[in-house]
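Chains, contacts and geometry: an overview
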Amino acid sequence: MAVEMHAGLASEGGSKLKMLLTFVDRLPDGSENGMYYALHVGGTNFRILRIQLGGQRSILGHDVERKPIPEHLMTRTSEEFFDFLALSLKEFVERKGNNSQLSQVRGKDVGFTFSFPVKQTSVSSGTLIKWTKGFSIDDMVEKDVVEYLQKALSRRGLDMHVAALVNDSVGTLAVGHFYDKDTVAAVVIGTGTNACYLERADAIIKCQGLLTTSGGMVINMEWGNFWSSHLPRTSYDIDLDAESQNPMDQGFEKMISGMYLGDIVRRVICKMSLVSDVFGPVSSKLSTRFALSTPLMAAMHEDDSPDLIEVAKILEETLDIHDVPLKARKVVVKICDVVTRRAARLAAAGIVGILKKIGRDGTGGITSGRIKGVKSGRMRRTVVAVEGGLYTSYTVFREYLNEAVAEILGEEIAPYVILKVMEDGSGIGAALLAASNSARSVDTVQEAVIVALMVVALAVIGG
Ligand code: ADP
Ligand code: MG
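All residue numbers refer to positions counted from 1 along the written sequence of the respective chain. Each chain takes a letter, starting from A, and each ligand takes a number, starting from 1, following the order in which they are written. Only residues with pLDDT of 70 or above have their local features reported here, since the model is predicted, and side-chain atom pairs are shown and tallied only from 80 upward, although totals for entire chains, interfaces and linings are computed over all residues. Each side-chain value is worked out from all heavy atoms of the structure, with water and hydrogens disregarded.

**Section: the packing of helix α5 (residues 168-179) against helix α14 (residues 425-436)**
- Axes here refer to lines fitted to C-alpha atoms; in helices the fit is confined to the stretch in contact. Angles between the N-to-C directions go from 0 to 180 degrees. Numbering of helices and strands runs from the N terminus; a helix is a DSSP stretch of H or I covering at least four residues, while a strand is a stretch of E covering at least two. Close contact between α5 and α14 brings their axes to 7 Å; oriented N to C, the two are set at 75°. Here α5 is positioned roughly perpendicular relative to α14, judged by the angle of their axes. Counted together, D168, V170, G171, T172, A174, V175 and F178 of α5 and G425, S426, I428, G429, A430, L432 and L433 of α14 form the full contact between these two elements.
- In the scheme used here, Gly and all other residues not listed as nonpolar or charged are polar, with Ala, Val, Leu, Ile, Met, Phe, Trp, Tyr, Cys and Pro taken as nonpolar and Asp, Glu, Lys and Arg as charged. By residue class, the composition of the contact of α5 with α14 is 8 nonpolar, 5 polar and 1 charged. Small angles under 35 degrees read as roughly parallel and large ones over 145 as roughly antiparallel, with 65 to 115 read as roughly perpendicular and the rest as oblique. In what follows, residue pairs with any heavy atoms lying within 4.5 Å of each other are defined as contacts.

Have a look at this one:
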């Protein structure tokens, strides 16, 4: 992971890890004040929120509203889609406000979490690379999503300013840092998986001369697409990938995230059912993709009844496999365990890879050897913010992941590394980034980019 991160930072397309620049060069530190809004578009659900910040790491007020995105809007025009977002925000403002609502939000900053691949051009602009998760609004591709949102807000008469465009992992890092300044990375493990971390500007080789006010920048790794020849793949992984909507894509995600774990288990049970008679006659449900969801897999895994009643029930109701003997039910639990354990340990290894890249794993980085432990005085407290349903709701997964991080780091270093759950992090994070990047700060980041471009231009002229 550390080597691939390096390659992805060295050149565009240098690795399967995109290592995207976010232009977030300063993270919220708790001093933020005032009222901020956020829109979170992740998948089928949409969230609007408002936070009131009181400085000193305090969130005085926090209102959230969840709303499904009407399916027909996912495939029509950008105008209809963004108009829906703007109207929803306007209604939210009117509901939450007192009487003179709209005048109160004049000039307020909005953070926009948009969990689709975006090529950012500044902290508050970026073009859509491609739609995923069932969206296909063709006229949006390669367009600036903030510009569209900003225009829609104006059309609806909302005088609000989109101050930050944020990936959900970056939002999670922002909240983590808001509460704890030792937070250097964030990982999302839900339906999909991704990670981001704070990198030194001079380590971002593909963007030479990049100067930021803080000397650092958050990098969105898009780690779901990580791959390495060192990563062993089973026939189940190969089949899952081949039958997926995006073959040869998101290889790491397909071994780790909630969208896939249940389906790997289904494939293993299916194979066993085909080659043996432990599960009786072969159920046709076993060859239906995604017939077993990850929450149901977790429910079987965590069944602590002596007769594994829950396992029997789920096999029956979900996979149409009846009268499974106890011995075979125990095998099912074991399969869930193996699949979850592998996923959790891979994610843990990825986290330690990030720490290694930034010299927080007790070694001197990816080129030098291990420093003799803590005695060198170099070890600092390091926090990784974690968000996502798989980590927060699947206890065994969480325990395996935590355990593996400690195991890989070793007992001397492990006490310095803390994984912290940031529930709903990405939404609040977007509002916090809107706060720390409201008008004045945005200018400084853009200035830094201009300076960087000038440095590059001078270098080119200078030969
Ligand atoms: P998203 O990733 O879509 O933003 P979440 O972070 O809430 O949403 O994660 C949802 C995913 O987490 C689900 O798709 C599911 O795979 C997984 N998940 C949620 N609850 C559980 C559970 N109890 N056990 C196992 N996995 C769960
Ligand atoms: Mg999410």
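**What to know about the nonpolar core**
- Y197, M221, W223, I269, L315, F397 and L401 are the most contacted members of the largest nonpolar core, which has 108 residues in total.
- With 15 residues, the single largest contributor to this core is helix α11 (residues 326-357).
- Non-local contacts of F397, meaning those with residues more than four positions away in its chain, are made with I189, I256, T340, A343, A344, L390 and Y391.
- The next biggest cluster of nonpolar side chains, apart from the first, holds 36 residues, and it includes F46, L73, V93 and V162. Definition of nonpolar core: a set of buried residues of the types Ala, Val, Leu, Ile, Met, Phe, Trp, Tyr and Cys, connected through side-chain atoms within 4.5 Å. Exposure is judged per residue with a 1.4 Å probe applied to protein chains only, and the accessible area is read against the type maximum: over 50% gives exposed, under 20% gives buried, and values in between give partly exposed.

**Side note on the sheet that holds strand β5 (residues 108-114)**
- Two strands are counted as paired when DSSP detects at least two bridges linking them. A sheet is described by the order of its strands in space; here 5 strands give the open sequence β4-β3-β2-β5-β8, paired in mixed fashion. Each edge of the open sheet is held by one strand with a lone partner, namely β4 (59-68) and β8 (160-166). Across the sheet, the mean angle separating the axes of adjacent strands is 20° when strand polarity is ignored.
- One ladder, built from 9 bridges, connects strand β2 (residues 33-41) with strand β3 (residues 45-54); its direction is antiparallel. By the bridge assignment, N33 is partnered in β3 with G54.
- This element, helix α4 (residues 145-155), spans β2, β5 and β8 of the sheet and lies at about 155° to β8.

**Some remarks on the layout of surface pockets**
- Of the grid points, spaced at 1 Å and generated over the protein atoms alone, those admitting a 1.4 Å probe that cannot get out make up cavities, while open sets with protein on both sides within 12 Å along at least five of seven lines make up pockets; any residue with an atom within 4 Å of a point is treated as lining. Grid points are joined across faces, edges and corners, and a volume is the space filled by probe spheres set on the points. If you add up the space inside the largest pocket, you get close to 1500 Å³.
- G42, S115, K133, T191 and G192 are the residues nearest the centre of the largest pocket, which is lined by 44 residues in total.
- When residues of the lining of the largest pocket are traced back to their parent elements, those giving at least two are β3 and β10 (193-200).
- The biggest single contributor to the lining of the largest pocket is β3, with 3 residues.
- A class-by-class count of the residues in the lining of the largest pocket yields 7 nonpolar, 24 polar and 13 charged.

**A look at the pattern of salt bridges**
- Any Lys or Arg side-chain nitrogen found within 4 Å of a carboxyl oxygen on Asp or Glu counts as a salt bridge. Inspection of every chain in the model, using the stated rule, returns 19 salt bridges.
- One salt bridge connects R381 with D180, and the closest N-O pair in it is separated by 2.8 Å. Note that R381 is positioned in the loop between α11 and β12 (382-387) and D180 in the loop between α5 and β9 (183-189), a separation of 201 residues in sequence.
- Close ionic contact of D241 with K254 constitutes a salt bridge, the shortest N to O distance being 2.7 Å.

**What about the packing of aromatic side chains?**
- Only the six-membered ring of Trp is used, alongside the rings of Phe and Tyr, when aromatic pairs are assigned; centres must lie within 6.5 Å, and planes under 30 degrees apart are stacked while those over 60 apart are edge-to-face, with the rest tilted. Scanning the entire structure with this criterion turns up 17 aromatic pairs.
- Their ring planes at 85° and their centres at 5.1 Å tell us that F178 and Y179 sit as a pair that is edge-to-face.
- The ring of Y400 carries R341 above its face, with NZ or CZ at 5.5 Å from the centroid. Criterion for a charge above a ring: Lys NZ or Arg CZ within 6 Å of the ring centre, and within 35 degrees of the ring normal.

**Focus on empty space enclosed by the protein**
- Per the stated rule, a full pass over the model turns up 1 cavity of 30 Å³ or more.
- The volume enclosed by the largest cavity comes to roughly 90 Å³.
- Around the largest cavity sit 13 residues that line it, and F116, V118, Q120, N167 and N220 are the ones nearest its centre.
- Looking at the lining of the largest cavity, the elements that each hand over two or more residues are β1 (20-21), β6 (118-122) and β8.
- Tallied by class, residues from the lining of the largest cavity come to 8 nonpolar, 4 polar and 1 charged.

**Considering the confidence of the model for the protein chain**
- The quantity known as pLDDT measures the predictor's confidence residue by residue, on a range of 0 to 100. In the predicted model, the protein chain carries a mean pLDDT of 90, and the fraction of residues at 70 or more is 90%.
- Here residues 367-373 is modelled with pLDDT under 50, and outside its nearest four sequence neighbours on either side it reaches 13 contacts, counting other chains as well.

**Details of a negative patch on the surface**
- Residues E302, D304, E399 and E403 make up a contiguous surface patch of negative charge.
- Examined against the element boundaries, E399 turns out to sit in helix α13 (residues 395-409). Excluding any residue in a salt bridge, patches collect residues exceeding 30% relative accessible area, merging like charges within 9 Å and nonpolar Val, Leu, Ile, Met, Phe, Trp and Tyr side chains within 5 Å. Per-residue accessibility takes into account occlusion by the displayed protein chains alone, with areas from the Shrake-Rupley method and a 1.4 Å probe. Lys and Arg are tallied as positive, Asp and Glu as negative. Neither His nor the chain termini are counted. Positions of charges follow a simple convention, taking NZ of Lys, CZ of Arg, CG of Asp or CD of Glu.

**Topic: the pairing of β5**
- For β5, the buried fraction is high: 6 of the 7 residues fall into the buried class.
- Taken together, the 5 bridges between β2 and β5 define a ladder with parallel strand orientation. Within β5, the position partnered with Y37 by the bridge is V110.

**Examining the site of ligand 1**
- If a single non-hydrogen atom of a residue is within 4 Å of a molecule or strand, that residue counts as near it. Taken together, the neighbourhood of ligand 1 is formed by G190, T191, G258, T294, P295, A298, G388, G389, L390, S393 and Y394.
- Interatomic distance of 2.8 Å between a backbone N/O atom of G389 and an oxygen atom of ligand 1.
- Throughout this description, a polar contact denotes any pair of N or O atoms lying within 3.5 Å of each other; where both atoms belong to protein, one of them has to be capable of donating a hydrogen while the other can accept it, and for residues adjacent in sequence the pair is counted only when both atoms sit in side chains. At 3.3 Å, a backbone N or O of L390 approaches an oxygen atom of ligand 1.
- Contact with the protein chains removes 60% of the 570 Å² of surface that ligand 1 exposes when unbound.

**A look at a nonpolar patch on the surface**
- Judged by side-chain polarity, L274, V275 and V282 come together as a nonpolar surface patch covering roughly 300 Å² of accessible area.
- With respect to the element layout, V275 can be found in helix α8 (residues 261-275).
- Take V275: its relative accessible area is 62%, and that puts it in the exposed class.

**So, the sheet that holds strand β11 (residues 216-220)**
- An order of β1-β11-β10-β9-β12-β13 is seen for the 6 strands of this open sheet, with the pairing classed as mixed. Across the chains shown, the open sheet's two edge strands, defined by having one partner strand only, are β1 and β13 (417-421).
- In this fold α13 packs onto β9 and β13, with an angle of close to 160° to the strand it touches most, β13.

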